[in-house]
Each structure stands twice: as structure tokens, then as C-alpha cells.
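Coordinate analysis (summary)
What follows is each chain in one-letter form.
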Amino acid sequence: MSMMIGKKEILTLLQQYHIPYEITEHRAVYTMEQLSLVSLPYPEDDAKNLFIRDDKKRSFYLITIKGNHRLDLKAFRRQEKTRPLSMALASDLGRLLNLVPGSVTPLGLLNDKSHEVMFYLYRAFLEGSGRIGIHPNDNCATLWISVEDLIRLLKSQGVPVHLFNPVILQKSKRLFF
């Protein structure tokens, strides 16, 4: 089994690729609700990451949307022509991305050497500041980087990135999980 890429390795990788970043250390958070209680420098750029599977447990998806949005999973299913979807199990998260609940992040895809998990990134992150706030494979910190740099880094490691415009159920100043 290959070595897990954790926070330290993520920061080293960012330096190797000359990717500028900021990091906000904070207490461990497991939900968007808990994160809303943490003082973040760019809360409007924070990401919510959903680890989803189909009903046959054959296809897995990491869907990254704005932190203050709620994704319409049924609409996503229709849009992407998938089987019925639901939240994946913690055991699948550990097996496929080497992550624990609460630390889900696109950077976990670097641990998925066989690229079993399909990554969908909300296109709106490219607008405005062009910045995204994600965990560095550790839910005690939020990493702020350019979305374009994130995409470039993932693609350099062989991770396909699907940009999409999801159907949003709810949008609010308050963060929802």
C-alpha cells in the first residue's frame, strides 16, 4: 500500500509546484455547522465536500460545492446520468481516500491512486476571488488556494476534474450541512 498523503505532504507538494497558499489552523470540525463557528478569513470561498456513492456501491463521487449551498442530489443524478445516489460510508471514505469523516477534501483524491472516485467541482469557484478553502487532508486546518492551482495540481497527479453547474436547493448566509 502506498504512503498516505497527509497535511505535511500536501504542504510539501504545494511548495514543489510553487503554489501559493494560506492556511488557517482551527479546532477539528466535522460539519459545516461547526465550521461556521470558526473565524475564517474567506468564508465566502469555503467549500463543502460530499462523498457520495451509487446504490450498487460501484461508483463513488466527490462533489465540491460552495459551503453555503445545498446540492440537489436527484438533479445531479439526472444531470450526470448516474444510478440512485446516497452518502457513502466512512469505511469507503477510508478505503478509497484514506480520510475520516469531517476531513473530506479534493486533496484526498491524491490518495486514490486508481482514480476510482469521480471528482465534480462547482464551476462557480472559478468566479469572483477564484479562491477555494479546503482541508489539507486534516480537519484541523483550512487551506486557501487558487481554484486553478488546485485543478492544475490534481490533473498533474492524474486526477480527472469535472467542472459542473449543480442544481442548488438552498443558498443562504448561514452554512448548511
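Residues numbered from 1 in each chain as written. Predicted model: local features only at pLDDT ≥ 70, side-chain atom pairs only at ≥ 80, totals over all residues. Heavy atoms only, no water.

When its secondary structure is counted, the protein shows 5 helices and 10 strands. Relative to the globule expectation of 16 Å for 177 residues, the C-alpha radius of gyration of the protein, 15 Å, shows essentially globular dimensions. Dimensions of the protein, computed from the C-alpha atoms along their principal axes, are close to 40 × 40 × 25 Å. Scored against the burial criterion, the 177 residues of the protein give a buried share of 51%. Taking contacts inside the protein between residues at least 6 apart in sequence as the whole, the part at least 24 apart equals 67%. Counting only carbon and sulfur atoms, one obtains 52% of the accessible surface of the protein, whose full area is about 8900 Å². Positive and negative side-chain charges of the protein, numbering 24 and 18 respectively, have mean locations separated by a distance of 7 Å. (Helix = DSSP H or I, 4+ residues; strand = E, 2+ residues; numbered from the N terminus. Rg over C-alpha atoms; globule rule 2.2 N^0.38 Å. Buried < 20%, exposed > 50% of the residue type's maximum accessible area, 1.4 Å probe, protein only. Contact = heavy atoms within 4.5 Å. Areas by Shrake-Rupley, 256 points an atom, 1.4 Å probe, with all protein chains shown as cover. Lys, Arg positive; Asp, Glu negative; His and termini not counted. Charge placed at Lys NZ, Arg CZ, Asp CG, Glu CD.)

The subject of this paragraph is helix 3 (residues 73–80). For helix 3, the N-terminal capping position is held by aspartate 72, with its side-chain oxygen 3.1 Å away from the main-chain nitrogen of lysine 74. Lysine 81, located one to two residues past helix 3, shows a positive phi value of around 55°. (Polar contact = N/O pair within 3.5 Å; in protein donor to acceptor, adjacent residues only side chain to side chain.)

Mapped onto the fold, aspartate 72 is located in the loop between strand 4 (69–71) and helix 3. Within polar-contact distance, the side chain of aspartate 72 engages the backbone nitrogen of alanine 75 at 3.0 Å. The contact partners of aspartate 72, leaving out residues within four places of it in the chain, are Val167 and Leu169.

Pairing in this open sheet of 5 strands is mixed, and the strands run 5-2-3-6-9 from one edge to the other. For this open sheet the edge positions go to strand 5 (85–87) and strand 9 (161–164), each flanked by a neighbour on one side alone. Averaged over all pairs of adjacent strands, the angle between their axes in this sheet comes to 35°, without regard to strand direction. Relative to strand 9, strand 6 (residues 117–122) runs parallel, the two sharing 4 bridges. Counted as the bridge partner of tyrosine 120 is histidine 162 from strand 9. With respect to the sheet, helix 4 (residues 90–97) is in contact with strand 2 (47–54), strand 3 (60–66) and strand 6, its orientation differing from that of strand 2 by roughly 100°. (Pairing = 2+ DSSP bridges. Axes fitted to C-alpha atoms, helices over the stretch in contact; angles between N-to-C directions.)

Further remarks concern the pattern of salt bridges. All told, the structure shown has 5 salt bridges when counted by the stated rule. The shortest N-O distance in the salt bridge between glutamate 25 and lysine 7 comes to 2.9 Å. Highlighted residues: glutamate 25 in strand 1 (residues 22–25) and lysine 7 in helix 1 (residues 7–16), separated in sequence by 18 residues. (Salt bridge = Lys/Arg side-chain N within 4 Å of Asp/Glu carboxyl O.)

What follows deals with helix 4. Buried within helix 4 are the following residues: Asp92, Leu93, Leu96 and Leu97. Viewed along the axis of helix 4, the buried residues span an arc of 100°, placing them on a single side of the element. Across helix 4 from its buried face, at more than 90 degrees, point the exposed residues Ser91 and Arg95. Within two residues after helix 4, asparagine 98 carries a phi angle of roughly 55°, on the positive side. (Arc of directions from axis to C-beta.)

By themselves these figures say nothing about function.
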